Amino acid sequence: MPSKSSDYLTGFGNHFATEAVEGALPVGRNSPQRPALGLYTEQLSGTAFTAPRPENRRSWLYRMRPSADHRPFEPYVAPLFSPTSPDAPIAPNRLRWDPPADLPADADFVDGMVTMLTNRTPAELEGVALHLYRASKGMERRVFVDADGELLIIPQSGRLELLTELGRIEVAPGWVALIPRGLRFRVMLPDGEARGYVAENHGAPFRLPELGPIGSNGLAYARDFETPMAWYEDRDDEYELVQKYLGRLWTTTLDHSPLDVVAWHGNLAPCRYELARFNAIGSVSFDHPDPSIFTVLTSPSSVAGRANADFVIFPPRWLVAEDTFRPPWFHRNVMSEAMGLIRGAYDAKAEGFAPGGLSLHNMLSGHGPDVASWKAASKAELKPAKLTDTMAFMVESCWPYRPSQFALDRAQPDYDEAWADFPKAKL
């Protein structure tokens, strides 16, 4: 089980104030001439200084050494993490992947990462990428920082302990962790090996979606997001710092742990969320509702109502709609849908979609239930039924995804067969 909720501060986007040593936080000001305990003052900004107040995200850190204390960066070789997408045109095909059996072995979180899907480029400050990871050893004296985007870490098997500049977070399958852009952290493995997904958001920071006609309650509640209390590491050993910047990885060395923030306050901070706390909304009369009602977090684009990235889940829930085909209907969507499976089965696919796998339906690609799921749902007795032992998710984006070469080489060759044997309607 992840660490207790009592070890965390609650609320999404709140302004928190926390100190690991009493008296480390200044009172009534951010940058005193002489910070307490000889600490250094540093601001970490997640948005432009002049962003509107509701959008502005930043935190003040009080640390043992400035983060500027490092040597020049050199290229870091990671052939599977954030590779350049193929330049050749990508066909508008539906794609699906089994859980990759050839992810790097004996690797930590960074070296065990493989990029599957990308859209836009980090320099455009828009778009999202989807990665898979397999980690079999902790990062020890290595630290990672992503300057390209914030990271939504979605464990599929094995727990992760995330040691960040602003505190410690533990997540297990069924939880997610959100790491702000530019925050340094390392990943340890309480269970010895872990696998999962990472959504890298290059655009506007994730926030809770508006509820509209749903009203004031439902979906993900702000109070259920948990942010760690201040914690610091006082170590003078040599550390490697790996940074992702403009789609590439870079490395430098430090003579100390950079996780040395003794106190901090602000609203830019890591957090975790248990997906089981999501209050699912559904139809209680007829018709399958749009998947937007399952949105946990959203990153808006410059066009109102069109998301740069939506993180959507399909959790256990009751189905009660009358005279209704209850699985997702056949559809062609202007948004692009990348889907993963944490556990169980997905109700629109009878086979071929396994936990740890991935599927892609790019913009306006026709898709929906496979033949077996369609037949079963069309003949099912329509009484209240509960979907259990399932947790699927989708990272939906207004930008079309480009699979990496690693992904293209491993796509299921027969995915289109899922829709090959539908009978013709008899008029």
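Residues numbered from 1 in each chain as written. Predicted model: local features only at pLDDT ≥ 70, side-chain atom pairs only at ≥ 80, totals over all residues. Heavy atoms only, no water.

Once that is clear, we can look at the pattern of salt bridges. Across all of its chains, the model carries 28 salt bridges by this definition. Linking Arg159 and Glu170 is a salt bridge whose minimum nitrogen-to-oxygen distance equals 3.0 Å. Placement of Arg159 in the loop between strand 10 (150–157) and strand 11 (160–164) and of Glu170 in strand 12 (residues 167–171) is noted, with a sequence separation of eleven residues between them. A network of salt bridges, in which partner residues are shared, links Glu42, Arg63, Arg65, Glu165, Asp236 and Asp260. (Salt bridge = Lys/Arg side-chain N within 4 Å of Asp/Glu carboxyl O. Helix = DSSP H or I, 4+ residues; strand = E, 2+ residues; numbered from the N terminus.)

It is worth spelling out the sheet that holds strand 4 (residues 58–63) at this point. If you walk across this open sheet you meet the four strands as 2-19-4-3, and the pairing is antiparallel. Each edge of the open sheet is held by one strand with a lone partner, namely strand 2 (16–19) and strand 3 (40–45). Mean inter-strand twist for the sheet, computed between neighbouring axes without regard to direction, equals 20°. Where strand 3 and strand 4 come together, six bridges link them in antiparallel fashion. Considered in strand 4, the bridge of Tyr40 is made with Arg63. (Pairing = 2+ DSSP bridges. Axes fitted to C-alpha atoms, helices over the stretch in contact; angles between N-to-C directions.)

Within the structure shown, the criterion is met by 15 aromatic pairs. Ring plane angle 80° and centroid distance 4.7 Å describe the contact between Tyr197 and Phe393, whose orientation is recorded as edge-to-face. With Tyr197 in strand 15 (residues 194–201) and Phe393 in strand 27 (residues 390–397), the pair connects residues that are 196 residues apart, well separated along the chain. Here the two residues Tyr197 and Phe393 agree in accessibility, since each one is buried. Taking the ring centre of Trp399 as reference, the NZ or CZ of Arg120 above it sits at 3.9 Å. Between the NZ or CZ atom of Arg306 and the centre of the ring of Trp399, over which it lies, the distance is 5.3 Å. (Phe/Tyr/Trp six-rings, centres within 6.5 Å; stacked < 30°, edge-to-face > 60°. Buried < 20%, exposed > 50% of the residue type's maximum accessible area, 1.4 Å probe, protein only. Lys NZ or Arg CZ within 6 Å of the ring centre and 35° of its normal.)

For the rest of this paragraph, the subject is the layout of surface pockets. Empty space among the atoms becomes apparent when a probe as large as a water molecule is rolled across them. In this structure, the largest pocket occupies an estimated 700 Å³ of space. In terms of lining residues, the largest pocket is bounded by 30 residues, among which Ser292, Thr295, Thr298, Gly305 and Asp310 are the most central. Of the residues forming the lining of the largest pocket, the biggest block, three residues, is contributed by strand 21 (residues 295–300). Split by residue class, the lining of the largest pocket holds 14 nonpolar, eight polar and eight charged. What lines the second largest pocket is a set of 27 residues, and nearest its centre among them are Gly46, Arg57, Glu150, Ala204 and Pro205. Here the residues of the lining of the second largest pocket sort into twelve nonpolar, eleven polar and four charged. (1 Å grid on protein atoms, 1.4 Å probe; cavity = no way out; pocket = protein on both sides within 12 Å on 5 of 7 lines; lining within 4 Å. Points joined across faces, edges and corners; volume = space filled by probe spheres on them. Nonpolar A, V, L, I, M, F, W, Y, C, P; charged D, E, K, R; others polar.)

For the structure on display, the rule yields one cavity of 30 Å³ or more. Estimated volume of the largest cavity: approximately 210 Å³. Every residue lining the largest cavity is counted, 20 residues in all, and those nearest its centre are Pro328, His331, Glu337, Met339 and Tyr346. Taken together, the elements giving at least two residues each to the lining of the largest cavity come down to strand 24 (336–344) and strand 25 (358–361). Split into classes, the residues belonging to the lining of the largest cavity amount to eleven nonpolar, six polar and three charged.

Purely geometric stuff here, so don't read any function into it on its own.
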